[in-house]
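So you can see what is in the structure, the chains are spelled out below.
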Amino acid sequence: MNGFIVGMYLPGDSFVHQLDPRAKLGFAFIFMFMVFFADRLLACAIFLAFVLVAIHIAKVPYRLFFTALKPIIFIILLSSLLHLWMTKGGEMILAFPGITIYEEGIRQAGIISIRLLLLVAIASLLTFTTSPVDLTDGMESLLSPLRKIGVPAHELALMMSIALRFIPTLWEETEKIRKAQMARGIDFEEGHILKRLKKHLPILIPLFISAFRRAEDLALAMEARCYRGSEGRTKWRQLHYTRRDLWLLLILILLGMVLLIFRH
Amino acid sequence: MEIVVKDLSVVYMPDTPYEKQALSHIDLRIESGCFAAIAGATGSGKSTLIQCMAGLIRPASGQVQVGDKIFHAGSKSGAALRKHVGIVFQYPEHQLFEETIAKDIAFGLKNRGITEPKLDREVHRMMDLVGLPGELSDRSPFHLSGGQMRRVAIAGILALKPDVLIMDEPTAGLDRQGKQELFRLLKDLHEKQGLTVILVTHDMNDVAKYADQVFVLSGGKLALSGTPAEVFEQYQIWQELSLELPQVSQLVAKINEQLDVPLPYSIFTLEELEQSLAKRFVQREAPT
């Protein structure tokens, strides 16, 4: 396997790793909401400082966050440029023929960049520090109250964990097929975009066939072990909240206060 | 075509916590027209090594030279090597995708810019070579048996007329008959068409039977190399490599424990063993 896959789990025993997955999931969810209400540069800066501290405590190399950010750098740049160009208000800072940059434009560009950065950073921090098993267990437990209105919490969690489990497998398979077809003379780097897309057909077809075969094998193996959904199923791994998780609540309250104080 | 590997190292996922040194400082030389075997336990780096030779994995340092084409860390791509090296991956039937067998075999040829009617002629020649009946050409490859699917995949590689043919565990999952047929084909290609063949395997019986040269990998390093006899002689090392000697060599090693003058490790069949034992017996009986 080449290249680092975004959303990979990094085993560790930091404070962040040891938090309950339900608490982390809930925290990340509310945090993301709050990011959208942070409409002052100072509030954004405080949020950013908090995330940087959290990354530091989690002992995840900052470098990996840049890898995670790579795919959205384009979006950040584009929305910043649009803000610089379109948003008017406050003092005029620079004036070229055709483009005038206002103070408000710079502020909005800064805010939108930090917001996007925060979203990616907190989502990455969650997956970097929570194993897929914990993540799905947490998800299932958080969704389980919805079972009363007919939401299949267990089945959803199982689907998610199977999907997560097979990402590296299918990735490896893709690499293998890609190499095999390269050995048969395909050059994936050549030609314009439509041509290149068409060249991926020889990868997609075998990949689908093998995915279906794997799915069938897995279904058979599960049936052979008498899997019958959530009905009467108990858990070997139990999740427990600890005192640590209270910290997350406290931080949420503090960040909420920051939002209130610095509101327009 | 000769293959020279110099100080080859490969690192997977560099600069991440999952960094793994797959190969470290491999030096080896496979002579032109030779039947070489690469052996080693799972995870010893066999697959990485052959993929470097085929121009599919870029070396982190060092180089691979096939004929006069060189592939190293700074090369633009391995495409130059790919023209000369054909590689058949493990379970090659998993990479079939076309609607008909003929189209799948023709896929590589088409990528090389070969057109009808030459294309059709070549496809049928290849089907004949690997022993697939010509009337199958318009059938879907997915309706064939596992062994036949594998032959379609191999035909697709052979159609490209490689000078070097690499096969990664070609007999995995085949029955005894399928295995024998495959080796017969491999031997034919090697002897009649002068292909340089590289076989990746962990079955030492096959190595003893077919290979001129053996390279044993362990933990990403070259542990042993030489002719099969030279390599099997060092049976003390084999236990550390978690590989099994060929059955006859195991027997020779057992017998040698009792002998003052040991039997040579160039004995690979029971008949040869029987003859050399008989010869010794006659020598001992005869008055000197």
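Residues numbered from 1 in each chain as written. Chains lettered and ligands numbered in written order. Predicted model: local features only at pLDDT ≥ 70, side-chain atom pairs only at ≥ 80, totals over all residues. Heavy atoms only, no water.

> Explanation requested: the overall build of chain B in the structure shown.
Within chain B, the regular secondary structure consists of 11 helices and 10 strands. Along the three orthogonal principal directions, the C-alpha set of chain B runs to about 75 × 50 × 35 Å. Considering only contacts within chain B whose residues lie at least 6 apart along the sequence, 59% involve residues at least 24 apart. About 13900 Å² of surface is accessible on chain B, with carbon and sulfur atoms providing 49% of the total. Across chain B, the mean location of the 30 positive side-chain charges is 5 Å away from that of the 37 negative side-chain charges. (Helix = DSSP H or I, 4+ residues; strand = E, 2+ residues; numbered from the N terminus. Contact = heavy atoms within 4.5 Å. Areas by Shrake-Rupley, 256 points an atom, 1.4 Å probe, with all protein chains shown as cover. Lys, Arg positive; Asp, Glu negative; His and termini not counted. Charge placed at Lys NZ, Arg CZ, Asp CG, Glu CD.)

> Help me understand the pairing of strand 9 (residues 213-218) of chain B in this model?
Here is the key point about a regular strand: its side chains alternate between the two faces of the sheet. All names here are of chain B. Counting buried positions along strand 9 yields five of six residues, so the element is predominantly enclosed. Here strand 3 (residues 35-40) runs beside strand 9; their pairing, made up of five bridges, is parallel. By the bridge assignment for strand 9, Ala 36 is matched with Gln 213. Direction of pairing for strand 9 relative to strand 10 (residues 221-226): antiparallel, over a ladder of five bridges. Residue pairing across strands places Val 214 opposite Gly 226, the latter belonging to strand 10. What sits between the antiparallel neighbours strand 9 and strand 10 is a turn of two residues, in which Gly 219 has the positive phi angle 55°. (Buried < 20%, exposed > 50% of the residue type's maximum accessible area, 1.4 Å probe, protein only. Pairing = 2+ DSSP bridges.)

> Whenever I open this one, the UniProt feature "transmembrane region" (unreviewed entry) in chain A confuses me. Can you help?
UniProt's feature table lists "transmembrane region" (unreviewed entry) at residues 25-58, 64-85, 106-129 and 246-262 of chain A, given in the numbering used throughout. Helix makes up 100% of residues 106-129 of chain A and strand 0%. Its end C-alpha atoms lie 34 Å apart. (UniProt positions renumbered as here; feature names shortened; annotations may be inferred.)

> Looking at this model, I keep getting lost on the nonpolar core. Mind explaining?
Ranked by size, the top nonpolar core spans 57 residues in total, and within it Ile 105, Ile 154, Leu 165, Leu 186, Val 216, Phe 232 and Trp 238 of chain B carry the most contacts. Both of domain 1 (3-245) and domain 2 (246-287) of chain B provide at least three residues apiece to this core. When residues no more than four places from it in sequence are discounted, the contact partners of Trp 238 of chain B are Met 204, Val 216, Leu 224, Val 231, Phe 232, Leu 243, Glu 244 and Leu 245 of chain B. Among the nonpolar cores identified, the runner-up in size contains 43 residues, and Ala 180 and Phe 188 of chain A together with Leu 23 and Leu 49 of chain B belong to it. (Core = buried A, V, L, I, M, F, W, Y, C linked by side-chain atoms within 4.5 Å. Domains from an automatic or database assignment.)

> Looking at this model, I keep getting lost on the packing of helix 3 (residues 41-58) of chain A against helix 5 (residues 103-129) of chain A. Mind explaining?
Each pair of packed helices can be described by the angle between their axes along with the distance between the axes. Residue and element names in this part refer to chain A. Axis separation between helix 3 and helix 5 bottoms out at 10 Å; the angle between their running directions is 25°. Considered as vectors, helix 3 and helix 5 are oriented roughly parallel to each other. As for how helix 3 packs across helix 5, the hand of that crossing is left-handed. On helix 5, the residues that touch Leu 41, Cys 44, Phe 47, Leu 48, Val 51, Ala 54, Ile 55 and Ala 58 of helix 3 are Arg 107, Gly 110, Ile 111, Ile 114, Leu 117, Leu 118, Ala 121, Ile 122, Leu 125 and Thr 129. Residues belonging to the contact of helix 3 with helix 5 are distributed by class as follows: 15 nonpolar, two polar and one charged. (Axes fitted to C-alpha atoms, helices over the stretch in contact; angles between N-to-C directions. Parallel < 35°, antiparallel > 145°, perpendicular 65-115°, else oblique. Left-handed = near helix turned anticlockwise from the far one by under 90°. Nonpolar A, V, L, I, M, F, W, Y, C, P; charged D, E, K, R; others polar.)

> What should I look at first to understand the side chain of Glu 140 of chain A in this one?
With respect to the helices and strands, the residue Glu 140 of chain A is situated in helix 6 (residues 132-143). Not counting chain neighbours up to four residues away, the residues in contact with Glu 140 of chain A comprise Ala 153, His 154, Ala 157 and Lys 235 of chain A.

> I'm lost on a nonpolar patch on the surface in this one. Help?
All names here are of chain A. Judged by side-chain polarity, Phe 15, Val 53, Ile 57, Leu 246, Trp 247, Leu 249, Leu 250, Ile 253, Leu 254, Met 257 and Ile 261 come together as a nonpolar surface patch covering roughly 1100 Å² of accessible area. Residue assignment for the nonpolar patch shows that the elements contributing at least two residues are helix 3 and helix 10 (243-261). It is helix 10 that contributes the most residues to the nonpolar patch, eight residues altogether. By the element assignment, Phe 15 lies in helix 1 (residues 15-18). (Patch = residues over 30% accessible without salt bridge, like charges linked within 9 Å, V, L, I, M, F, W, Y side chains within 5 Å. Salt bridge = Lys/Arg side-chain N within 4 Å of Asp/Glu carboxyl O.)

> Would you mind showing me how to read the domain arrangement of chain B here?
The extent of an interface is frequently quoted as the accessible surface area lost upon association of the parts. Residue and element names in this part refer to chain B. Here the domain parsing of chain B yields domain 1 (3-245) and domain 2 (246-287). Inter-centroid distance (C-alpha atoms) of domain 1 to domain 2 is 34 Å. On the side of domain 2, eight residues touch domain 1, which itself brings 10 residues to the contact. Each partner contributes to the roughly 810 Å² buried at the junction of domain 1 and domain 2, and carbon and sulfur atoms together form 71% of this total. Counting across the interface, domain 1 meets domain 2 through zero salt bridges. Summed over the shared surface of domain 1 and domain 2, the result is two residue pairs in polar contact (both at pLDDT 80 or more). Residue assignment for the side of domain 1 that touches domain 2 shows that the elements contributing at least two residues are helix 7 (204-210) and helix 8 (228-233). The dominant element in the side of domain 1 that touches domain 2, judged by the number of residues it contributes, is helix 8, at four residues. (Buried area = accessible area lost by both parts, 1.4 Å probe. Polar contact = N/O pair within 3.5 Å; in protein donor to acceptor, adjacent residues only side chain to side chain.)

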